[in-house]
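Each chain is listed here by its residues.
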Amino acid sequence: MNILVFGKDGQLGKAFQSIFDTKNLDELHAIDYAGREQCDLSRELDLATFLHHRKPDLIINAAAYTAVDHAESEVDLAFAINAKAPAVMACYAFEEGATFLHYSTDYVFDGSKATPYLEGDARNPLGIYGKSKVAGEVAVEDAFKHHPNTDAQFAILRTSWVYGDGGNFIRTILRLAKERESLKVIANQSGVPTSAYWLASISLALVLDENHQLRSFPSGIYHAVPQGETTWHALACYAVQAAIDAGAALKLRPDQINAIPASEYPLPAPRPMNSRMARSALETLLNQIPKGGDVTKLQQWQQPWQEPVAHYVQDKGI
Ligand SMILES: NC(=O)c1ccc[n+]([C@@H]2O[C@H](COP(=O)([O-])OP(=O)(O)OC[C@H]3O[C@@H](n4cnc5c(N)ncnc54)[C@H](OP(=O)(O)O)[C@@H]3O)[C@@H](O)[C@H]2O)c1
């Protein structure tokens, strides 16, 4: 099988690479990684040519325009990468009978719901990034409708607050914790921190069977976040404490992190107040998968968000 991973230099792309390397999957499959140099996703025609040349059976699109605030002034670029590129990938997948794994975000919602969002809840993004990701979701769903092919399938995994090998909130907080003796962090936005490694691992549990071959699954949108919920402020406190426990020399203690409302920290792009997403749809699907002796994936799925954050902080030696 040919596997093609877009976004090789991003947090999620690197997590896929690490899993494929650890499991020696390149001995079983031809795995190709594409970054910006191999294929600029803002060029639709180049992307279509690239796909037809590489002929992937499984496309993993870990690439995206993720600069949420810059997106407000780079509208065309955000839409090119987050909407048009996945549309081209989806058309290829459904014409050629391939599997397409794509990622979306809590930012497709406006965050006004009091409880966790369900997959079918109305999308109402607040900013350009969210709008471009919604356009990507819709384009993938439409391509599937317009080019029915029995072998073709797609999953759009919506996730939130991703951290991995790259720039992210936890890294920023720990950098600031080395420099400052007090910090203000937003305490009235809630969500779930998601390890890129966890997300890649759960994604593969969905699309590959125990022999690492493609499995069939119902195409659609699924929420993929770890168990539990938190706020940016509580996450900052938890990460700082985990770093202290791991022996890091920080100037900041958790009790010096002050809770503020989002209104005190204005940013160019508005963010949803509630980013919590219900996990039951993907959980049901994962539970239906024959275990094949490998219960690790389900254990990972049940893991609350705190454990991987603590490991991440220790692993990175921050
Ligand atoms: N990060 C989060 O908190 C978060 C939250 C919810 C959902 N998500 C979604 O999760 C997925 C993975 O996010 P992530 O955190 O891994 O993102 P990331 O670290 O920002 O990586 C995105 C990758 O996309 C690549 N890319 C951007 N423009 C490109 C272009 N024109 N051509 C080719 N490649 C291009 C970037 O390349 P360069 O390295 O060259 O810039 C980067 O390697 C995305 O779909 C994102 O929307 C992320």
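Now for a description of the structure that goes with this document.

Cut-offs applied
- Residues numbered from 1 in each chain as written.
- Predicted model: local features only at pLDDT ≥ 70, side-chain atom pairs only at ≥ 80, totals over all residues.
- Heavy atoms only, no water.
- Helix = DSSP H or I, 4+ residues; strand = E, 2+ residues; numbered from the N terminus.
- Rg over C-alpha atoms; globule rule 2.2 N^0.38 Å.
- Buried < 20%, exposed > 50% of the residue type's maximum accessible area, 1.4 Å probe, protein only.
- Contact = heavy atoms within 4.5 Å.
- Lys, Arg positive; Asp, Glu negative; His and termini not counted.
- Charge placed at Lys NZ, Arg CZ, Asp CG, Glu CD.
- Axes fitted to C-alpha atoms, helices over the stretch in contact; angles between N-to-C directions.
- Parallel < 35°, antiparallel > 145°, perpendicular 65-115°, else oblique.
- Left-handed = near helix turned anticlockwise from the far one by under 90°.
- Nonpolar A, V, L, I, M, F, W, Y, C, P; charged D, E, K, R; others polar.
- Pairing = 2+ DSSP bridges.
- Phe/Tyr/Trp six-rings, centres within 6.5 Å; stacked < 30°, edge-to-face > 60°.
- Lys NZ or Arg CZ within 6 Å of the ring centre and 35° of its normal.

Our next topic: the overall build of the protein. In terms of helices and strands, the protein carries 10 helices and 12 strands. A globule of 318 residues ought to have a C-alpha radius of gyration of about 20 Å, and the protein, at 19 Å, matches this closely. By principal-axis analysis of the C-alpha atoms, the protein measures approximately 55 × 45 × 40 Å. Burial statistics for the protein: of 318 residues in total, 53% are counted as buried. Excluding contacts between residues fewer than 6 apart, the proportion of contacts in the protein whose partners are at least 24 apart in sequence is 82%. Where the 28 positive side-chain charges of the protein centre and where its 37 negative ones centre are 4 Å apart.

As a further point, take the environment of F100. Summarising the element assignment, F100 is placed in strand β4 (residues 99-105). Apart from residues lying up to four places away in sequence, F100 is in contact with I59, N61, P86, M89, A90, A93, V140, Q153, F154 and A155.

Quick look at the packing of helix α3 (residues 75-96) against helix α4 (residues 128-146) now. Contact geometry for α3 and α4: axes closest at 8 Å, N-to-C directions at 15 degrees. The pairing of α3 with α4 is recorded here as roughly parallel in orientation. For the pair α3 and α4, the crossing hand works out as right-handed. From α3, V75, A78, F79, N82, A83, P86, A87, A90, C91 and F94 reach across to α4, where they touch I128, Y129, K131, S132, K133, A135, G136, A139, V140, A143 and F144. In terms of residue class, the contact of α3 with α4 is built from 16 nonpolar, three polar and two charged.

This part is about the sheet that holds strand β1 (residues 2-6). The parallel open sheet is built from six strands, whose spatial order is β2-β1-β3-β4-β5-β10. Looking at the sheet topology across the chains shown, the edges are occupied by β2 (30-34) and β10 (220-223). Pairs of neighbouring strands in the sheet enclose a mean axial angle of 20 degrees, with direction left out of account. In the sheet, strand β5 (residues 153-159) pairs with β10 via four bridges, with the strands oriented parallel. Bridging from a neighbouring strand, R158 pairs with H223 of β10.

Pairs of aromatic rings are described using the distance from one ring centre to the other and the angle between the two planes. Enumeration over the complete set of coordinates arrives at 13 aromatic pairs. A centroid spacing of 4.7 Å and a plane angle of 70 degrees characterise the contact between F94 and F144, whose relative ring orientation is edge-to-face. With F94 in helix α3 and F144 in helix α4, this residue pair connects regions lying 50 residues apart in the sequence. For the ring pair Y238 and W305, a centre distance of 5.3 Å and an interplane angle of 70 degrees mean the geometry is edge-to-face. With a gap of 67 residues between them, Y238 in helix α7 (residues 232-245) and W305 in the loop between α9 (296-302) and α10 (306-315) connect regions that are remote in the sequence. Members of the aromatic cluster, each reached through a chain of ring pairs, are F16, F20 and Y103. Over the aromatic face of W301 sits the side chain of R279, whose NZ or CZ is 4.0 Å from the ring centroid.

In short, the description is geometric, and any link to function would need to be established separately.
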